[in-house]
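The chain contents come next:
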Amino acid sequence: QNWDEMKAMILDCEYELKNQDVWHRVLNREDLKVDKPLALMSVEGMCGIKENEEEAVEWMYEHGIRLASLCWNDENALATGVKGNPERGLTEKGKNLIRKMNEMHMIIDVSHTNEKTFWDIMECSKGLVIATHSNAHALCNHPRNLKDDQIKAIAAQNGLIGMNSCAYFVDSDLSKVTAKRLADHAAHIRDLVGVEYIACGFDFMDYWGDGDYTISDMPNAAFAQNFIEGLRKNSFSEEDIEKIAYKNAIDRFYEYLK
C-alpha cells in the first residue's frame, strides 16, 4: 500500500461518516457524551507512510483519525509486526511518529506489533497505548496474543486490552473455542491486573464467509451477549461487565482525547 491509497481509504471513510445520520463521528472528548452510536475512525497499520511521517499523521488527524497502529503483521518503514524480524522494532521514523501522535493525543494501538516493537513503543510513548484486539498468551500460545509482562506494562500505563473473537487467538484447539473461552481470557487479565484494563475488541471476521475465523456461538455482533454470559460465568459482577462492555473505553478515551 502507498500513501495515496491510504489517503483515499481515509477520505472514503470520512465521506461516509459525514453523509449519514445513524452514527455520531467522534473527533473530541465531548463527542463521547452524545446519545447516539459512536464511530471513531482508526487505521490498522500505517504501512502507506514511507516518508514525511509527521506531516502524514497530521493529515490523518485533520481527516478524523484518532487511533492508529504503526504496522500490521509485516515490516514497514515505521515498525515491525508479528511476522517480521524479531530483532527489528521501531525505526527512527516510527519513533518520530509516536512522538507526534502523543503531541496530538492520538491513541496508539499495539495489537499487531512484534515484541521488540511493543517494548520500543512502551518506552517511547508518553500517551495512551492500547491493544485493540489481542488476548492472553498464557491461555492461547499465538504471537498475536499478549504475554503477562506485556499485559502488566499496558496496565501500568493505564491502557486497555480489547478481547478478540478471532478463533485462532482464543484457543489452539479450535473445538474448544467458545464465547465462554474468550471470557476466560478476560478473567486471566482481571486476575493479573484488574478489570479496569479490559474492553471489547471482537474483530468479527464473518465477512470472510465460510471459515473457522469466528467463535461457534459468537459468529457476529448479534451474538455478543454470549460473551457477556461468559463473563458472568467467570464471576464478573454486573458493574465489571458494564466496564468491559463500554465504560472502560469511553472513560479512557474521554480522559485522553482533546
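Because the structure is predicted, anything quoted here is derived from the model rather than measured. (Residues numbered from 1 in each chain as written. Predicted model: local features only at pLDDT ≥ 70, side-chain atom pairs only at ≥ 80, totals over all residues. Heavy atoms only, no water.)

**Student:** Explain the pattern of salt bridges to me, please; I cannot follow it from the model alone.
**Tutor:** Side chains that differ in charge, positive against negative, can pair when their charged atoms come close. What the rule picks out here adds up to 18 salt bridges. Put simply, Asp171 and Arg181 hold a salt bridge, and the shortest N to O gap is 2.9 Å. Taken as a pair, Asp171 in the loop between strand S7 (160–163) and helix H6 (179–193) and Arg181 in helix H6 lie far apart in primary sequence, 10 residues in all. You can call Asp171 buried: its relative accessible area is 8%. Measuring nitrogen to oxygen at the nearest pair gives 2.4 Å for the salt bridge that ties Arg232 to Glu229. Placement of both Arg232 and Glu229 in helix H7 (residues 225–233) is noted, with a separation of 3 residues, approximately one turn of the helix. Take Glu229: its relative accessible area is 37%, and that puts it in the partly exposed class. Each of Asp171, Lys180, Arg181 and Asp184 takes part in one network of salt bridges that share partners. (Salt bridge = Lys/Arg side-chain N within 4 Å of Asp/Glu carboxyl O. Helix = DSSP H or I, 4+ residues; strand = E, 2+ residues; numbered from the N terminus. Buried < 20%, exposed > 50% of the residue type's maximum accessible area, 1.4 Å probe, protein only.)

**Student:** Would you explain the pairing of strand S4 (residues 65–69) in this entry?
**Tutor:** Walk down a regular strand and you will see the side chains alternate between the two sheet faces. Counting buried positions over the 5 residues of S4 gives 5, a clear majority of the element. Here strand S3 (residues 41–43) pairs with S4 via 3 bridges, running parallel. Opposite Val43, over in S4, you have Ala68 as the bridge partner. Between the parallel elements S3 and S4, the chain passes through helix H2 (residues 53–62) in a crossover that is right-handed. With 3 bridges connecting them, S4 and strand S5 (residues 107–109) associate as parallel partners. Pairing of Ala68 across the sheet is with Ile108, part of S5. One crossover worth recording links S4 to the parallel S5 by way of helix H3 (residues 92–104), and it is right-handed. (Pairing = 2+ DSSP bridges. Right-handed = clockwise from strand over helix to strand, strands pointing away.)

**Student:** Looking at this structure, how should I read the sheet that holds strand S6 (residues 129–131)?
**Tutor:** In sheet architecture, strand pairing relies on hydrogen bonds along the backbone and comes in two forms, parallel and antiparallel. Across the sheet, 6 strands lie side by side as S3-S4-S5-S6-S7-S8; this open sheet has parallel pairing. Each edge of the sheet is formed by a strand with only one pairing partner; in this case those strands are S3 and strand S8 (198–200). Between one strand and the next, the sheet's axes are offset by a mean angle of 30°, whatever the strand orientation. Note: S6 against S7, 2 bridges, orientation parallel. Counted as the bridge partner of Ile130 is Leu160 from S7. Sitting on the sheet, helix H8 (residues 238–256) touches S4, S5, S6, S7 and S8, and the angle it makes with S8 is about 105°. (Axes fitted to C-alpha atoms, helices over the stretch in contact; angles between N-to-C directions. Contact = heavy atoms within 4.5 Å.)

**Student:** Would you mind showing me how to read the packing of aromatic side chains here?
**Tutor:** The geometry of two aromatic rings is summed up by the distance between their centres and the angle between their planes. Counting across every chain of the model gives 5 aromatic pairs. When the centroid spacing of 5.6 Å and the interplanar angle of 75° are considered together, the rings of Trp3 and Trp59 count as edge-to-face. Here Trp3 is found in helix H1 (residues 3–18), whereas its partner Trp59 is found in helix H2, with 56 residues between them in sequence. Take Trp3: its relative accessible area is 22%, and that puts it in the partly exposed class. An angle of 45° between the planes, with centres 5.3 Å apart, marks the rings of Phe202 and Phe204 as tilted. Look at Phe202 and you get buried, because its relative accessible area is 13%. Here the aromatic residues Phe202, Phe204 and Phe227 are joined through ring pairs into a cluster of three or more. (Phe/Tyr/Trp six-rings, centres within 6.5 Å; stacked < 30°, edge-to-face > 60°.)

**Student:** Before we go on, may I ask you to explain the packing of H7 against H8 in this structure?
**Tutor:** For any two helices packed against each other, the geometry is given by the interaxial angle and the distance between the axes. Running from N to C, H7 and H8 cross one another at 140°; their axes reach a closest spacing of 10 Å. For the element pair H7 / H8, the angle class is oblique. Here H7 runs over H8; the crossing is right-handed. Only Glu238, Ile241 and Ile244 of H8 make contact with H7, whose side of the interface consists of Phe227, Ile228, Leu231 and Arg232. When its residues are assigned to classes, the contact of H7 with H8 shows 5 nonpolar, no polar and 2 charged. (Parallel < 35°, antiparallel > 145°, perpendicular 65-115°, else oblique. Left-handed = near helix turned anticlockwise from the far one by under 90°. Nonpolar A, V, L, I, M, F, W, Y, C, P; charged D, E, K, R; others polar.)

**Student:** Any chance you could explain the nonpolar core here in plain terms?
**Tutor:** Nonpolar side chains in soluble globular proteins tend to be buried together. Counting 62 residues, the largest nonpolar core has Met46, Met60, Leu70, Met101, Phe227, Leu231 and Phe236 as the members making the most contacts within it. Considering every element that reaches this core, the biggest residue donor is H6, with 6 residues. Beyond its immediate sequence surroundings of up to four residues, Phe227 is in contact with Met163, Ala179, Leu182, Ala183, Cys200, Phe202, Met218 and Ile244. (Core = buried A, V, L, I, M, F, W, Y, C linked by side-chain atoms within 4.5 Å.)

Don't take any of this as a statement about function, it's just geometry.
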